[in-house]
Amino acid sequence: MVDKVTSHQSPVTSKKDVRISIRNLNIWYANTQVIKNVRLDIEKNRVTAIIGPSGCGKSTLIRTINRMNDIIPDAKVKGEILLDGKNIYGDDIDVVEVRKRVGMVFQKSNPFPKSIFENVAYGLKINGFISAGGRSASGGKKKGQLMERVEQSLKDAALWKEVKDRLGDSAFDLSGGQQQRLCIARALAIEPEVVLFDEPCSALDPTATAKIEELIQKLKKKYTIIIVTHNMQQAARISDFCAFLMLGELIEFDKTDKIFTAPSEKVTEDYITGRFG
Amino acid sequence: MKRAQKENLIKRLFCLFSLLSIVFLLGIVIVLFKEGLPIFRTTSLGNFLFGKFWYPTYEPPDFGILPLLLGSLWVAVGALIIAVPLGVAGAIYISEVAQSKIKEFIKPVIELLAGIPSVVYGFFGMVIVAPLVQEVFKLPVGLNAFTASVLLGIMAIPTITSISEDAISSVPNSFKEASFALGANRWETTVKVTVPAAAGGISTAIILGMGRAIGETMTVLMVAGGAAVIPHSFFQPVRTMTATIAAEMGETVVGSTHFQALFAIAIILFIMTLTFNIIADLLTQKFRRRLR
Ligand SMILES: Nc1ncnc2c1ncn2[C@@H]1O[C@H](COP(=O)(O)OP(=O)(O)OP(=O)(O)O)[C@@H](O)[C@H]1O
Ligand SMILES: [Mg+2]
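Because the structure is a prediction, the values reported are computed rather than measured.

K.L.:
Explain the site of ligand 1 to me, please; I cannot follow it from the model alone.
P.N.:
Residues and elements named next belong to chain A. Around ligand 1 lies a shell formed by Y29, V34, S54, G55, C56, G57, K58, S59, T60, I72, E199 and H230. The contact in question runs from an oxygen atom of ligand 1 to an N or O atom on the backbone of C56, over 3.3 Å. Between ligand 1 and the protein, one listed contact pairs an oxygen atom with a side-chain N or O atom of K58 at 2.7 Å. Contact with the protein chains hides 61% of the accessible area of ligand 1, taken as 640 Å² for the molecule alone.

So this is what it looks like as structure tokens:
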């Protein structure tokens, strides 16, 4: 299937709208290849959904985009991922820098065992922001901005109203959906360009899910978004582009409307209509 | 026999065993208090705890355990000053830095350290550490609080390391992932996420290490110098509560005031260790709740 023309054609209209370009990506865990020659262009300020049956490599694919697979000792990556034209697997790349530009929200919400405020402030502090009272080692330019940025991130994540009077409380006191939005706020705080979501709603109820979907819709004005989801309706509702992955191969990649109304591959149709997977 | 009956029997057997250990514990506590409390007929609690002189064989005798209490505390605190940084750093190294091969080598070695009998530590201290301390610090004697602290510190390291290591490695991977995804490097992640998340377990480790250091007898008996005077420096010989009991119990007349005083010291020790264990337990529980 790799040599099929359809899987290589990009639905992205203009080259200059491309933020991320995945080229001939192959990934192995030890000796098992789980991503096979994937090519994918991700457009700026759009939501790109990755769908596919369980175990097809969606998480693996999305995690390579901010090099989270580096943490797994026996993962091997070959190919290129261009972020604004620069290969993030190149030799002269600072991984930490990549992760600051490409944020990630995980399947299971994973706030730190710290206060709500500290959760959002964590990434900022790592990046040299300090609270108004503190002293900066790096000249104090970012002094006092910490609180502002925390507030803004919580507002962007549509959580501010619910937590503004209890920023000192433990993050674990929040509900599941609130915790996930806190994780989103935490990721947004360091102002990434791209935000990766790996099944962000799989542990949430419909109300909380609706909130996050609405949020993602808003976020695409500022960010480029890639989301892995198991939920076909969700992909149809919130994404502009949709990539269908199966057994590590990219079967089809197109505008979401097209994928859901007139897919060019029979397997895609079978999958989205729920005939398997 | 039917299965249900069999299971019932086993259940009862285990219940009996656990009851038995409670009975033993109760027995020990009762004996301790029965033999120890009568001392307070002749010496007030205040004079006992804060009396500056321990002259149990004088006429009239002085049963002030302040020198012994302070001796125990000095030695234990000194031990912690040595053991906490080393033990916690070791735990961080084992769980966060070391490759699995090195880890598999170091862990058993540290556990072996815990298995060495304390008399061996004491012997090692007398023959090697004490002369070294005497030489380096130009002291009249090498048997003092400092030497005892060094040895107790070494002895407390395995406790602190293995419990801290458990706590650190049970920090969920998802916390670390979140930290990495925010652009933190390994060091920042360890210091700002992993270790704070394991803080409950690490404090438990430290408190249990403290308990171990306070309760240790043979080593301090051999290397602390044995002078029952209020210590003013780490390089003075000291006597701990445990060493006092061990050294003097054999020479007292059963039921004499000296005998009662030694039991009363044991009561104090018992209360101290009990307190440490309760604090450690509370911390562990709090820690579990925090991580869910
Ligand atoms: N750390 C790992 N080591 C070895 N194999 C792995 C590892 N992580 C994932 N795999 C394997 O790689 C394949 C792809 O896994 P991946 O998690 O990317 O799938 P997925 O599409 O995200 O699945 P799901 O929808 O269930 O989350 C699976 O066969 C999985 O067993
Ligand atoms: Mg997955």
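There's plenty left to go through after this.
K.L.:
Hey, could you run me through the interface of chain A and chain B in this one?
P.N.:
Note on interface size: it is often stated as the accessible area lost on association of the parts. Residue-level contacts link 24 residues of chain A with 20 residues of chain B. Summing both sides of the interface, chain A and chain B together bury roughly 1,800 Å²; the carbon and sulfur share of this comes to 65%. Counting across the interface, chain A meets chain B through 1 salt bridge. Residue R63 of chain A is joined to E177 of chain B by a salt bridge in which the shortest nitrogen-to-oxygen separation is 2.9 Å. In this structure, the connection of chain A to chain B is made through 4 residue pairs in polar contact (both at pLDDT 80 or more). Where the side of chain A that touches chain B is concerned, the elements lending two or more residues are α2 (95–101), β6 (102–105), α3 (116–126) and α6 (176–189) of chain A. Looking at the side of chain A that touches chain B, its residues break down into 14 nonpolar, 5 polar and 5 charged.

K.L.:
What exactly am I supposed to notice about the environment of I267 of chain B here?
P.N.:
Residues and elements named next belong to chain B. By secondary structure assignment, the location of I267 is in helix α13 (residues 257–291). Using a relative accessible area of 5% as the deciding quantity, one classes I267 as buried. Between the C-alpha atom of I267 and that of V193, which follows or precedes it by 74 residues, the distance is 41 Å. Apart from residues no more than four positions distant in its own chain, I267 is found in contact with L32, F33, G36 and L37.

The rules behind these values
- Along each chain, residues carry numbers from 1 onward, in the same order as the chain's sequence is written.
- The naming scheme follows written order: chains are lettered A onward, ligands numbered 1 onward.
- At least 70 in pLDDT is required for a residue's local features to be given in this predicted model, at least 80 for side-chain atom pairs to be given and counted, and no such filter applies to totals for whole chains, interfaces and linings, which use all residues.
- Only hydrogens and water are removed before side-chain values are computed, so all heavy atoms of the structure are retained for them.
- Note on terminology: near, applied to a residue and a molecule or strand, indicates that one of the residue's heavy atoms is within 4 Å of it.
- As used in this structure description, the phrase polar contact means that two N or O atoms lie within 3.5 Å; if the pair is within protein, one of them must be able to donate a hydrogen and the other to accept it, and residues adjacent in sequence are counted only when both atoms belong to side chains.
- Computed with a 1.4 Å probe, the accessible areas rest on the Shrake-Rupley method; for each residue, only the protein chains presented here act as cover.
- The contact definition used throughout considers only heavy atoms, calling two residues in contact when any of these lie within 4.5 Å.
- The term buried area refers to how much accessible surface (probe radius 1.4 Å) is lost by two components on association, counted for both of them together.
- Any Lys or Arg side-chain nitrogen found within 4 Å of a carboxyl oxygen on Asp or Glu counts as a salt bridge.
- In DSSP terms, a helix is any run of H or I states spanning at least four residues, a strand is any run of E spanning at least two, and both are numbered starting from the N terminus.
- Ten residue types, Ala, Val, Leu, Ile, Met, Phe, Trp, Tyr, Cys and Pro, are classed as nonpolar, four, Asp, Glu, Lys and Arg, as charged, and the remainder, Gly among them, as polar.
- Note on classification: 1.4 Å probe, protein chains only; a residue is buried when its accessible area is under 20% of the maximum for its type, exposed when over 50%, partly exposed between these limits.

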